[in-house]
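Secondary and tertiary structure notes
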Amino acid sequence: MIDYGVGGVRRPGLVRKLFEFVFPHYCKVCGHRLDPSEEQLCVTCFLGMPRLEYRAEILNTTEKLLLTEKSLVRAASVLHYSKESDYRNILFHLKYWRHPKVGVWLARIGAQELLSKGFFEGIDCIVPMPITYWKEIRRGYNQCSFIAKGIRKATGLPIVSNAVKCVKAHSKQAGLGKYQRWNNAQNLFQVSDIAALQGKHILIVDDVITTGATLCSLIDVIENTIPDIKVSVFTLAVAD
C-alpha cells in the first residue's frame, strides 16, 4: 500500500523506489524524470495545471456546449485544453501513446474535488463514451473506460460499459469546422441495453469536449431511446 502524506504526495516503499530506479517514469507534460514521490506529473506541472473550478450555481463552459440537451442535469471538466499548451500532452499520452493510467489518475483527482461539491449527487452509474470495435482493437483500449475507473475510485459508482455502442466510425474531428464536426458526429451510436439505463441518472465520461458535437449525438440517441433518462457529463478537458 502506498502511503500518501501531506498534500497527497505519495510516500513510496523501498520496493517501489527500486522499481522506479530501474524503470523510471517521466512527467506527462514536460518529460522530466519523476521523483519516486511524484505520480504522472512533476510537482511543478501539477501545480501549474490549468484547472477549472466547478460551481453548481454558475453555468460553466462545458454545460454551455451541451445546453440543447433536455436531459442534461450538470456537466464539468477538470482542465482547460489548448493546442498551444504542453498540457495537451496529457491527452496524447492517454489516447495515442499508450499511457491510459494517466486518465485514471487525473479523473480520480477531478472526481474527488467534485465529490465534495455535490456533483455526483443522484447519479446511478458511469457510462464511458464508446468507440468502435476496430478502433479499440487498434488502440488496445478505450481511453474513456480508464477515465471511468478513476471516477469509480473516488465515488464507488458502478461502470456500465456495454449499454451504448459506437456503430459507425467517423473521421477525426481535429481540423474540422464547427458545422463539419456536427455533421461528422451524426448516426454514430445506438443503445444496446435499454434495461441497464432505464430510469437512471447516468454520468457520461469523455476525454475532451470541443464543440460538443459527439457528446450531443450520443445524448440525443439515449434521450430518444429512453425518455425518462437523466444525464450528467464529466470530461477531463474542455477546449477553447
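For the structure itself, consult the block above.
What you see is a predicted model; the values in this text were computed from it and never measured.

Brief notes about the pattern of salt bridges
Within this structure, the stated rule accounts for five salt bridges. Glu223 is the partner of Lys70 in a salt bridge, and the nearest nitrogen-oxygen pair spans 3.5 Å. Here Lys70 is found in the loop between helix H3 (61-65) and strand E3 (72-81), whereas its partner Glu223 is found in helix H10 (residues 213-225), with 153 residues between them in sequence. Put simply, Asp86 and Arg88 hold a salt bridge, and the shortest N to O gap is 3.8 Å.

Topic: a nonpolar patch on the surface
On the surface, Tyr133, Trp134 and Ile137 cluster together into a nonpolar patch covering about 410 Å² of accessible area. With respect to the helices and strands, the residue Tyr133 is situated in helix H6 (residues 133-139).

A word on the packing of aromatic side chains
Overall, the coordinates contain seven aromatic pairs when judged by the stated rule. On the numbers, 5.1 Å between centres and 90° between planes, the contact of Tyr54 with Phe119 is edge-to-face. Here Tyr54, found in the loop between helix H2 (43-47) and H3, pairs with Phe119, found in the loop between helix H5 (101-115) and strand E4 (125-128); they are 65 residues apart in sequence, far enough to count as distant. A single burial state applies to Tyr54 and to Phe119, both of which are buried. When the centroid spacing of 5.0 Å and the interplanar angle of 75° are considered together, the rings of Tyr133 and Trp134 count as edge-to-face. Each of the two residues, Tyr133 as well as Trp134, counts as exposed. Three or more aromatic residues joined by ring pairs make a cluster, and in this case those are Tyr54, Phe119 and Phe120. The ring centre of Phe119 lies 6.0 Å from the NZ or CZ of Arg74, which sits over that ring. Geometry around Phe146 places Lys149 over its ring, the cationic atom sitting 4.4 Å from the centre.

Here we look at the packing of helix H4 (residues 88-95) against H5
At a minimum axis separation of 7 Å, H4 and H5 run at an interaxial angle of 130°. As the angle between them shows, H4 and H5 are arranged oblique. Across from Ile90, His93 and Leu94 in H4, the residues of H5 making contact are Val102, Gly103 and Leu106.

Section: the side chain of Gln40
When you line up the elements, Gln40 lands in the loop between helix H1 (14-22) and H2. For Gln40, the residues in contact, after removing those within four places along its chain, are Tyr26, Cys27, Lys28, Leu34, Lys101, Val102 and Trp105.

Details of the environment of Leu72
Counting through the fold element by element, Leu72 comes out in strand E3. Judged by its relative accessible area of 19%, Leu72 falls in the buried class. Distance in space between the C-alpha atoms of Leu72 and Leu203 is 9.9 Å, their sequence separation being 131 residues. Excluding residues within four positions of it along the chain, Leu72 makes contact with Glu63, Leu66, Val231, Ser232 and Val233.

About the cut-offs
Residues numbered from 1 in each chain as written. Predicted model: local features only at pLDDT ≥ 70, side-chain atom pairs only at ≥ 80, totals over all residues. Heavy atoms only, no water. Salt bridge = Lys/Arg side-chain N within 4 Å of Asp/Glu carboxyl O. Helix = DSSP H or I, 4+ residues; strand = E, 2+ residues; numbered from the N terminus. Patch = residues over 30% accessible without salt bridge, like charges linked within 9 Å, V, L, I, M, F, W, Y side chains within 5 Å. Areas by Shrake-Rupley, 256 points an atom, 1.4 Å probe, with all protein chains shown as cover. Phe/Tyr/Trp six-rings, centres within 6.5 Å; stacked < 30°, edge-to-face > 60°. Buried < 20%, exposed > 50% of the residue type's maximum accessible area, 1.4 Å probe, protein only. Lys NZ or Arg CZ within 6 Å of the ring centre and 35° of its normal. Axes fitted to C-alpha atoms, helices over the stretch in contact; angles between N-to-C directions. Parallel < 35°, antiparallel > 145°, perpendicular 65-115°, else oblique. Contact = heavy atoms within 4.5 Å.

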